[in-house]
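# Coordinate analysis (summary)
Spelled out from the first residue to the last, the chains are:
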Amino acid sequence: MIKTRGYAVHDPTSPLTPFSFERREPGPHDVQIEILYCGICHTDLHQARNDWGGSMYPMVPGHEIVGRVTHVGAQVTKVKPDDYAGVGCMVDSCRRCPACHEGLEQYCEEGPTWTYNAKERGSEQLTFGGYSERVVVEERFVVKIPASLDLQAVAPLLCAGITTYSPLRHWHVGKGQRVGVIGLGGLGHMGVKFAKAFGAQVVMITTSPAKGKDALRLGASEVLVSKDSAAMAKQAKSFHFLLNTIPNPHDLNPYLALLKRDATMVLVGALTALEPPLQGHNLISDRRRLAGSVIGGMPETQEMIDFCAAHNIVSDVEVVPIQSVNQAYERLLKNDVRYRFVIDMASLK
């Protein structure tokens, strides 16, 4: 076993503190990565504080991992020592079901093994995430990172990036389409960048007029303030696709009214109950669709990274030392970041 240092939380009300644990020695198909940067996802905060229930402690959060390959097993072909590599939300799956055979491991019928707050398959050993020195992962769940990209700004691509890239690709967003990205945060700012790169006309839909200038900088051609009922009514039935990144319960009905006939709104942010009730006529009247999407499979995640390298797309980040992680969590609660915190793991040394 490999002794490893990191930061962990031990119960829902305690701060993250230094923590020592063990990683497995790399097997023939494993990749060992020295973690250079790890993004802070809002999911980390929810899991650490057991907001959704089911949290297991001690917990080392972090599923937006970028680092340098230090060792590979004898059967590994994807990466070699000194390559840059990334690990996202999953580190395993059943590998037998139709979803896994199609490279859609995030929809594994037995459930994927998450990078942290999960148990290793067939074991009681907890998985520990990227707020740590190193990680050992089977090569299927590792992506190769081109050295041309800004590594610290790549980290959030492993969650926020693929979460927005995947639905835009699946629903064939592209030229000639008018696309609305609802909510400008860690997910929304990536949605704007990707939709723009795909050639769509991008409209940022936000409750905050103050975010308009930044939305235009990111690639939006227009800003629609959703609290302005007259502006919303004027743009009814004008969108081919809506990417809804709002993480909190909210009223879907005003947004559905923006869709053209046969158009789709995809939820990627809200994991809890939505309110008020959905009005059926907003779907029925124009044969609209409401769908959901979660991260992406491993082939698509590598595709996304390669697309980012080709188009020079990374996240907007604020880099912090590991010693400031608890303050970063408090700021995250206040939405006080533009648009993603990333931990510089060199600060752990």
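So, here is what we can say about the structure in this document. (Residues numbered from 1 in each chain as written. Predicted model: local features only at pLDDT ≥ 70, side-chain atom pairs only at ≥ 80, totals over all residues. Heavy atoms only, no water.)

### Examining unusual backbone geometry
The residue after E275, namely P276, is reached through a cis peptide bond having omega -5 degrees. Structurally, P276 is set in the loop between β14 (259–267) and α9 (281–284). Note the cis peptide between R338 and Y339, where omega equals 0 degrees. The residue Y339 is located in the loop between α11 (325–333) and β17 (340–344) in this model. For D262, which is not glycine, the phi dihedral falls at a positive 65 degrees. In this fold, D262 is placed in strand β14. (Helix = DSSP H or I, 4+ residues; strand = E, 2+ residues; numbered from the N terminus.)

### Concerning the sheet that holds strand β15 (residues 289–292)
With parallel pairing, 6 strands are arranged side by side in an open sheet as β12-β11-β10-β13-β14-β15. In this open sheet, the two strands that pair with only one neighbour each are β12 (222–225) and β15. This sheet shows a mean twist of 20 degrees between the axes of neighbouring strands, independent of strand direction. Judged from the 4 bridges that link them, strand β11 (residues 201–206) and β12 form a sheet pairing that is parallel. Note that in β12 the partner of T206 across the bridge is V225. Along the sheet, helix α5 (residues 186–197) makes contact with β10 (178–182), β11 and β13 (239–244), crossing β11 at roughly 165 degrees. (Pairing = 2+ DSSP bridges. Axes fitted to C-alpha atoms, helices over the stretch in contact; angles between N-to-C directions. Contact = heavy atoms within 4.5 Å.)

### Let's talk about the pairing of β11
Of all 6 residues making up β11, 5 are buried, and the element is well covered by its neighbours. In this sheet, β11 lies alongside β10 in parallel orientation, the contact comprising 5 bridges. Directly across from G180, in β11, lies its bridge partner V203. Once you follow β10 into α5 and on to β11, the crossover reads as right-handed. In this view, the connection linking β11 to its parallel neighbour β12 by way of helix α6 (residues 212–218) has right-handed handedness. (Buried < 20%, exposed > 50% of the residue type's maximum accessible area, 1.4 Å probe, protein only. Right-handed = clockwise from strand over helix to strand, strands pointing away.)

### Some points on helix α10 (residues 298–311)
Residues three or four positions apart in an α-helix share a direction because the helix packs 3.6 residues into each turn. Taking 1.5 Å of rise per residue, the 14 residues of α10 would be expected to cover 20 Å, and the 20 Å separating its terminal C-alpha atoms lies within 8% of that figure. Taken together, the buried positions of α10 are M298, E300, T301, Q302, M304, I305, F307 and C308. Looking at the buried positions of α10, the neighbouring elements they touch are β6 (90–92), β9 (143–145), α3 (151–154), α4 (160–170) and α5. (Expected span 1.5 Å × (residues − 1).)

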